[in-house]
Amino acid sequence: MAPGEKIKAKIKKNLPVTGPQAPTIKELMRWYCLNTNTHGCRRIVVSRGRLRRLLWIVFTLTAVALIFWQCALLVFSFYTISVSIKVHFQKLDFPAVTICNINPYKYSAVRHLLADLEQETREALKSLYGFSEIKARRRREAESWSSAWDGIRPKFLRLVPLLVFDHEEKDKARDFVTGRKRKVSGSIIHKASKVMQVQESKQVVGFQLCANDTSSCATYTFSSGVNAIQEWYKLHYMNIMAQVPLEKKINMSYSAEELLVTCFFDGVSCDARNFTLFHHPMHGNCYTFNSGDNATILSTSMGGSEYGLQVILYINEEEYNPFLVSSTGAKVIIHQQDEYPFIEDVGTEIETAMATSMGMHLTESFKLSEPYSQCTEDGSDVPVRNIYKAAYSLQICLHSCFQEKMVEKCGCAQYSQPLPPAANYCNYQQHPNWMYCYYQLYQAFVQEELGCQSVCREACSFKEWTLTTSLAQWPSVVSEDRLGQTVDILQRPEPEIHHGEPSQQYRDASVQLRWPAGPVDELLRGLRH
């Protein structure tokens, strides 16, 4: 039987048909209303009274009309895109700009504090590379390893010994001082070279840190000997500087008058009085423009370099510490007035002898708090004490959490972060094993074993500055030639006009860009020979 005939037979069976004729439309509609699940249709048929039946008809038709209207809206909204663009000009608060010299302290001011450490560092470089003497390679290798230490009683190498590993004997290492091989116990952690790779070598250099009872030790190795010695130097450097009073460290660093040569903002001249001192443990004296300390925040309504901040910096490369830093320049960070400037994490390095233009793009983000996200409004509901004098952020929470764990586990605070209340910076006079404790704790922090990453949460609202940097040579060759001629004319007792090359006197006074003079520079020259 065809499908149509089956349906017709079923309808005839259920409907009260008295003759051979087919069911009418009225009978079909009545049958549908009595058997459907639609509440309104059934009520139209079974209701008694015309008024009730009329009301149910109106309600049912209204509901059907609303359904079709909503479906039409969904279809039109799916194929229709509404775009609303508002263009308006307003003054924006200019951000705070923090500037630091890459070299934290003037070398002449801190050299007396680091004299013993630098002597051992020089001898360590000499023992490893033999760069300070012009000798044949075979002759250098034939000499006794410990001959460089004749007459020297190492102090820092006794505390944290430097070791040289051969790839063939991974469990044994040669001591820098004695030159003897010894078995290395404990874990060996290899760290990537991040500063410079001087030459390919079959040897791996590292240093060993041990607990008080020397029962547990850890050895940190580097594929570059220079990187290993610089990291070793940095550990002792932090230990020494942690014992220097803050006021003395401020005096040993660069003043605002020394760092800032010229300053313009929005076309108006500014000077050191417009900058606020901010002392960073690892970067020395930093200076913040438009910090908002005097309750006044500068604003600008125009874009372009002419309406922003323009400064010329004097880096003073001759005062650079050759063992601590291996590059010259400055670090700049853009931030809000209530934010802490994390120079070491997100600072932008500015190259010397270059005009650097930095375009800023502000992105302001807002998030809904619980139950829509796990963000925090101001950090008051996060169980980590904010040790920074700044507004809450995820970065501040992580650093504060690590510093609290450092004080709890090691008994002292790490030098590069602010001091928690009633805590002191680490030094091995009072805390002999703080270096081993710090490295172990930092390893656990990176592997998210301290719980800081699970406790700290993002802020619900934050502002982020995206920087676009462009470089140009400064000054140009033509400007340098003309300025050289002008300086030469002004310095002569009788005015004379010179053409062509600038005077020799001006060339001697001009800034020469090079690597910092010292062991690193001598090492590079020695390896070339």
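Scroll up for the structure.
Residues numbered from 1 in each chain as written. Predicted model: local features only at pLDDT ≥ 70, side-chain atom pairs only at ≥ 80, totals over all residues. Heavy atoms only, no water.

**Details of the packing of helix α2 (residues 25-35) against helix α3 (residues 39-46)**
At step 1: The contact between α2 and α3 brings their axes to 7 Å, and the two run at 120 degrees. Relative to α3, α2 is oriented oblique. As for the relative orientation of α2 and α3, their crossing is left-handed in sense. Taking contact as the criterion, the partners of R30, Y32, C33 and L34 in α2 are, on α3, C41, R42, V45 and V46.
At step 2: Partitioned by chemical class, the residues of the contact of α2 with α3 number six nonpolar, no polar and two charged. (Axes fitted to C-alpha atoms, helices over the stretch in contact; angles between N-to-C directions. Helix = DSSP H or I, 4+ residues; strand = E, 2+ residues; numbered from the N terminus. Parallel < 35°, antiparallel > 145°, perpendicular 65-115°, else oblique. Left-handed = near helix turned anticlockwise from the far one by under 90°. Contact = heavy atoms within 4.5 Å. Nonpolar A, V, L, I, M, F, W, Y, C, P; charged D, E, K, R; others polar.)

**Examining the state of the cysteines**
At step 1: Applying the stated criterion to the full structure yields eight disulfides.
At step 2: Covalently, C263 is tied to C270 through a disulfide, its sulfur atoms 1.7 Å apart. Sign of the S-S torsion, about -80 degrees for the bond between C263 and C270, identifies this disulfide as left-handed. Neither C263 nor C270 differs from the other in exposure class; each is buried. (Disulfide = S-S within 2.5 Å. Buried < 20%, exposed > 50% of the residue type's maximum accessible area, 1.4 Å probe, protein only.)

**A short note on the environment of I334**
At step 1: As for its position among the elements, I334 is in strand β15 (residues 330-335).
At step 2: Sequence separation between I334 and A96 is 238 residues, and the spatial gap between their C-alpha atoms is 6.0 Å.
At step 3: Excluding its chain neighbours within four sequence positions, the residues that come into contact with I334 are P95, A96, V97, M360, W465 and L467.

**Points about the packing of helix α9 (residues 225-241) against helix α14 (residues 434-446)**
At step 1: Relative orientation of the contacting elements α9 and α14 amounts to 115 degrees, with a least axis distance of 12 Å. Pair α9 / α14 crosses with right-handed handedness. Between α9 and α14, the residues in contact are E231, L235, H236, M238 and N239 and W434, M435 and Y439, respectively.
At step 2: Among the residues forming the contact of α9 with α14, the class breakdown is five nonpolar, two polar and one charged.

**As for helix α13 (residues 394-410)**
At step 1: Helix length check: α13, at 17 residues, gives a terminal C-alpha distance of 24 Å against a target of 24 Å (1.5 Å per residue), a fit within 8%.
At step 2: Considered for burial, the residues of α13 that qualify are I396, C397, H399, S400, C401, F402, Q403, M406 and C410.
At step 3: On its buried face, α13 sits against α12 (343-346), α14 and α15 (452-455).
At step 4: Looking at the residues trailing α13, positive phi occurs at G411, about 80 degrees. (Expected span 1.5 Å × (residues − 1).)

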